[in-house]
Amino acid sequence: MSEPQAGIFVEGSSSHFFLEYKLVDGLSLEQLSDSVSKAVALSDAGVNRVWAFGADCWRSIAPAACPADLKPFAAIGEGRQVAPASQRGIFLWLHGDNHSANFDAAMTATAALAAVATLQLEKIGFLYKDSRDLTGFIDGTENPKGRGQQTVALIPEDEPGAGGSYVMSQQWVHNLRSFSALSQPEQEAVIGRTKPDSIELNDEAMPDNSHVSRSDVKINGVAQKLYRRSVPYGGVLEHGLYFLAFSADIRRFDHILQSMFGVSGDGVHDRLTDFSTPVSGSYWFAPSAAELFAIGSL
Ligand code: HEM
């Protein structure tokens, strides 16, 4: 059994750092592997860390351990409602309950990567109330539980990349002023669940453009399940959700995004996109622990 990076499955952290790095141009494979292997070897008590890599980066580091479908994120949608692409080379998610330790770990990792990668996107996330998005709705109700998390998230044994996971990240910027101007029943129609206790609206009350309607996608009868680990980020001036999800199959992300952005055939857009806007979009691969620590010797 290929062990995954343990930090993927640690839940309830109050402090999160999401770091996206762009690779320096013209690197040799040796330079890249050398710096990355030193950075991934760092560890700090109390800090969970998950490393993931863009398609081009991982394919050059470990071609034999690259899952077949890994690809860069491509923009989805048309007109005003577009999910843009901002694919970079390296992703690091640090989380835990010690914000000071997370900060130190973020600084150290960024210094360790400095010769090969530049930090281009940084979002500081936090647990808001009882795992709520800043809209006030509980986020994660339909997430898989127990062993189901690994089944949903991890590439099966005997496939290239076994024990690893496809990852999608997307920074969303909320317009809370416009969302708060809605009545509670209107807000619940946007999400598709009740606000206090996250109960799914019944069929008669569920609009076909609610977020639940657009994200609960079935393809040939198969539910497109993700293991979501998003948390809110930001402060008063800019805030939103850093969407982060893990999947054994990268196509599930495409199917759900196509449904949310009106390009899955019925032309319906997710009403949530009237109140929040994605400003980044990436696909990554989080290798198994063994493949991560073998970088440089693969
Ligand atoms: C501003 C961005 C987003 C917010 C605030 C948000 C919030 C929520 C909330 C409140 C729920 C209902 C509770 C739950 O089951 O977790 C939910 C469900 C869900 N969301 Fe999102 N979400 C966002 C973006 C996305 C994106 C980009 C995806 C996938 C590409 C996604 C996939 C899902 C899925 C699969 C469900 C469960 C649907 C079901 O089976 O009932 N969400 N989200």
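- Looking at an unreviewed UniProt entry, the protein carries the name Dyp-type peroxidase, with the source organism given as Zhongshania arctica.
- We quote the UniProt Sequence similarities (unreviewed entry) comment for the protein here in full: "Belongs to the DyP-type peroxidase family."
- The Cofactor (unreviewed entry) field of the UniProt record for the protein holds the comment "heme b".

### A few points about unusual backbone geometry
And then number 1: Within the chain, Asp-158 stands out as a residue other than glycine whose phi angle is a positive 75°.
And then number 2: Note on placement: Asp-158 falls in the loop between α4 (147–153) and β7 (165–174).
And then number 3: For Ser-198, which is not glycine, the phi dihedral falls at a positive 60°.
And then number 4: Assignment of secondary structure puts Ser-198 in the loop between α6 (184–191) and α7 (211–215).

### A few points about the layout of surface pockets
And then number 1: Size it by volume and the largest pocket reaches roughly 760 Å³.
And then number 2: Mapped by element, the contributors of at least two residues to the lining of the largest pocket are β7, α7, β12 (239–247) and α8 (251–260).
And then number 3: By volume, the second largest pocket amounts to about 390 Å³.
And then number 4: A class-by-class count of the residues in the lining of the second largest pocket yields 7 nonpolar, 8 polar and 7 charged.

### Some words on the nonpolar core
And then number 1: One finds Trp-51, Phe-53, Trp-58, Ile-90 and Leu-113 to be the most contacted residues of the largest nonpolar core, which totals 50 residues.
And then number 2: No other element matches helix α3 (residues 99–113), which puts 5 residues into this core.
And then number 3: Not counting residues up to four positions away in its chain, the partners in contact with Phe-53 are Val-36, Trp-58, Gly-89, Ile-90, Tyr-283, Trp-284, Phe-285, Pro-287, Leu-292 and Ile-295.
And then number 4: One finds Val-50, Leu-121, Val-231 and Tyr-242 within the second-largest nonpolar core, a separate group that totals 20 residues.

Definitions and cut-offs
- Residues numbered from 1 in each chain as written.
- Predicted model: local features only at pLDDT ≥ 70, side-chain atom pairs only at ≥ 80, totals over all residues.
- Heavy atoms only, no water.
- UniProt positions renumbered as here; feature names shortened; annotations may be inferred.
- Helix = DSSP H or I, 4+ residues; strand = E, 2+ residues; numbered from the N terminus.
- 1 Å grid on protein atoms, 1.4 Å probe; cavity = no way out; pocket = protein on both sides within 12 Å on 5 of 7 lines; lining within 4 Å.
- Points joined across faces, edges and corners; volume = space filled by probe spheres on them.
- Nonpolar A, V, L, I, M, F, W, Y, C, P; charged D, E, K, R; others polar.
- Core = buried A, V, L, I, M, F, W, Y, C linked by side-chain atoms within 4.5 Å.
- Buried < 20%, exposed > 50% of the residue type's maximum accessible area, 1.4 Å probe, protein only.
- Contact = heavy atoms within 4.5 Å.

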